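Survey of secondary and tertiary structure
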Amino acid sequence: MGIQQKERGAVSLFIVIFAALLITVVTVGFIRLMLADQQQASNNDLSQSAYDAAQAGIEDAKRALLRYQNICSTGDSVACATAYNEVTAATSSNKCNQGLVRIISPSLLAANEVPVVNEAGTAALSQAYTCVTIEPETPDYLGNLPANGTKIIPLKSKSAVDSIVLEWYSKVNISNTNLNVTLLPNGSIPLGGLPTPTQYPPLYDQTANGWGPDRPSLMRTQLMQFGSNFKLVDFDDTNAAGESNANTLFLYPTGTTGSTNAVTNDTFSLSAKDDRLTGVGAPLPVACRGSIGTGGYACTVTLTLPTPIGGVGANGRTAYLRLSALYNASAFRVTMKTASGAEAKFNAVQPEIDSTGRANDLFRRVRTRVELIDTNFAYPEAAVDITGSLCKNFTVTDKATEYTNTATCTP
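To start, this report covers the structure provided alongside it. Predicted, not measured: the structure shown is a model, and the values here were computed from it.

1. Some points on a nonpolar patch on the surface
A cluster of nonpolar side chains, Leu 13, Phe 14, Ile 17, Phe 18 and Leu 21, forms an exposed patch at the surface whose accessible area comes to about 540 Å². Within the secondary structure layout, Ile 17 lies in helix H1 (residues 2-72).

Set out below in structure tokens:
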């Protein structure tokens, strides 16, 4: 009897030990999960704080760019050049934060980072941006157009611009999972008239049998420019020398769906065909890639710029490019070239800001483009821009009671 009691006691002891071990393992597992979640939450919070600090650096860089723009708007070329050197830190061996020298306290810049303070003026959250650089000159202009949306781009450069390269429709615009774009059959658009339904879908047919959802946009390109001086009548026609101040082309995407051919860079002159001034005609066919699985843009075209009426002049040309993405949304990229084919950078049009933020020992870096709009030469996107019908009532009267005409208007 005594031997059996000892055996039962040993079994109970083993059960207690194993149960304790199991509880210990489960407890340790839960603690590790809790610590991992806590660490992840802390990292996420620090990452967001570092990102916010980087954004604070971008906002200060915007202030520096506005100061530079305001100085240049006075017309003082010496002061403008000085402001440019300051904002780009051209005379500093260490460019980090030196472009902010006129808007940030020198004592903060000397500390190699600028703390982000709260409303009370204290840096309670250990946030700072460590390095902000500003580059007013960029090699290209990047943008996104909604369906039937427009954008006006100043063609402003320190170099003499002879042509522009327009690329549009990237993988962000396509829903096809294999990144094939729905293009048209190979062939050429008939001259002297719009495409016929047997050759291409009608331009204004957006039904299921017309412009498909993954087809690259038909791009309307409009150039507005002038030289040293101009008259309003210059925007309505070309002169005997073939010079012009306003031109419009419609670029029609063509090609084969799924084709992996290399980008075909078609070249057209903006002055060769101005669709504003002709009642009939055809858009210009642009050979596009049918597959953009390797990245890049589906369509690429080079457009040579005509000479402004009266010549370029000593101060160069002032030019604007207006893009309209018809039927579908489109990402786009515009680059400029000189007569020799060299790169002509955009100057103070879409500056790039590079900002690194810190929160404790975690860093985040943000690079962004910002629009620098000339407030002294504001321009509208369009006088009237609609997607449906437009109807107007005109009344000529000398009676004030008739100014509020309630007649219906059917377009």
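2. Digging into the pairing of strand E11 (residues 318-326)
Burial analysis of E11 places eight of its nine residues in the buried class, which makes it a mostly covered element. Sheet topology places strand E6 (residues 218-226) next to E11; nine bridges connect them, and they run antiparallel. Residue pairing in the sheet places Phe 226 in a bridge with Thr 318 of E11.

3. Points about empty space enclosed by the protein
Throughout the structure, instances matching the rule amount to one cavity of 30 Å³ or more. There is about 70 Å³ of room inside the largest cavity. Lining the largest cavity are Ala 64, Arg 67, Tyr 68, Ala 83, Glu 86, Val 87, Gly 99, Leu 100, Val 101, Arg 102 and Ile 103. Elements with a contribution of two residues or more to the lining of the largest cavity: H1 and helix H2 (77-87). The residue inventory of the lining of the largest cavity, partitioned by class, reads seven nonpolar, one polar and three charged.

4. Here's the deal with the state of the cysteines
A complete count under the given rule lists three disulfides for this structure. What pairs with Cys 288 in a disulfide is Cys 299, and their sulfur atoms sit 2.1 Å apart. Linking Cys 288 and Cys 299, the disulfide has an S-S dihedral of approximately 110° and is accordingly described as right-handed. In this pair, Cys 288 is assigned in the loop between strand E9 (284-287) and strand E10 (299-304) and Cys 299 in strand E10, connecting sequence segments eleven residues apart. What makes Cys 288 buried here is its relative accessible area of 2%. On the accessibility criterion, Cys 299 (0% relative accessible area) is buried.

5. Points about the pairing of strand E4 (residues 150-154)
Counting buried positions over the five residues of E4 gives four, a clear majority of the element. As defined by bridge partners, E4 adjoins E11 across five bridges and the pair is classed as antiparallel. Each bridged residue has a counterpart across the sheet, and for Lys 151 the counterpart in E11 is Leu 323.

6. Regarding the pattern of salt bridges
This model, assessed by the stated rule, comprises 13 salt bridges. We note a salt bridge from Glu 86 to Arg 102, for which the minimum N-O separation is 2.8 Å. Placement of the pair is Glu 86 in helix H2 and Arg 102 in the loop between H2 and helix H3 (106-110), with a sequence separation of 16 residues. Since its relative accessible area comes to 17%, Glu 86 is described here as buried. Residue Arg 369 pairs with Asp 140 through a salt bridge whose shortest N-O separation is 2.7 Å.

7. Brief notes about unusual backbone geometry
Negative phi values dominate among residues other than glycine, just as trans dominates among peptide bonds. Positive phi values are uncommon outside glycine, yet Tyr 169 reaches one of about 70°. If you trace the backbone, Tyr 169 turns up in the loop between strand E5 (163-168) and E6. By relative accessible area, which is 0% here, Tyr 169 ends up buried. Of note in the backbone geometry, Tyr 327 takes a positive phi value of approximately 80° without being a glycine. As for its placement among the helices and strands, Tyr 327 is situated in the loop between E11 and strand E12 (330-337).

Parameters at a glance
- Going along each chain's sequence as written, the residues are numbered from 1 onward.
- Per-residue local features of the predicted model are confined to residues with pLDDT of at least 70, and side-chain atom pairs are confined, for both listing and counting, to 80 or more; whole-chain, interface and lining totals are unaffected and use all residues.
- Computation of side-chain values covers all heavy atoms of the structure but excludes hydrogens and water.
- Residues qualify for a patch when their relative accessible area is over 30% and they have no salt bridge, like charges being joined within 9 Å and the nonpolar side chains of Val, Leu, Ile, Met, Phe, Trp and Tyr within 5 Å.
- Values of accessible area rely on a 1.4 Å probe in the Shrake-Rupley scheme; residue burial ignores everything except the protein chains shown.
- Salt bridges are defined by distance alone: a side-chain nitrogen of Lys or Arg within 4 Å of a carboxyl oxygen of Asp or Glu.
- The helix count covers DSSP runs of H or I at least four residues long, the strand count covers runs of E at least two residues long, and both are numbered beginning at the N terminus.
- Burial here depends on accessible area, computed with a 1.4 Å probe over protein chains only, as a share of the maximum for the residue type. Under 20% is buried, over 50% is exposed, and the range in between is partly exposed.
- Only strands that DSSP links by at least two bridges are regarded as paired with each other.
- Each cavity reported here is a set of points on a 1 Å grid over the protein atoms alone in which a 1.4 Å probe fits but cannot get out, each pocket an open set with protein on both sides within 12 Å along at least five of seven lines, and each lining residue one with an atom within 4 Å of a point.
- Grid points are joined across faces, edges and corners, and a volume is the space filled by probe spheres set on the points.
- Under the scheme applied, nonpolar residues are Ala, Val, Leu, Ile, Met, Phe, Trp, Tyr, Cys and Pro; charged residues are Asp, Glu, Lys and Arg; polar residues are all the others, including Gly.
- Count a disulfide wherever a pair of cysteine sulfur atoms falls within 2.5 Å.

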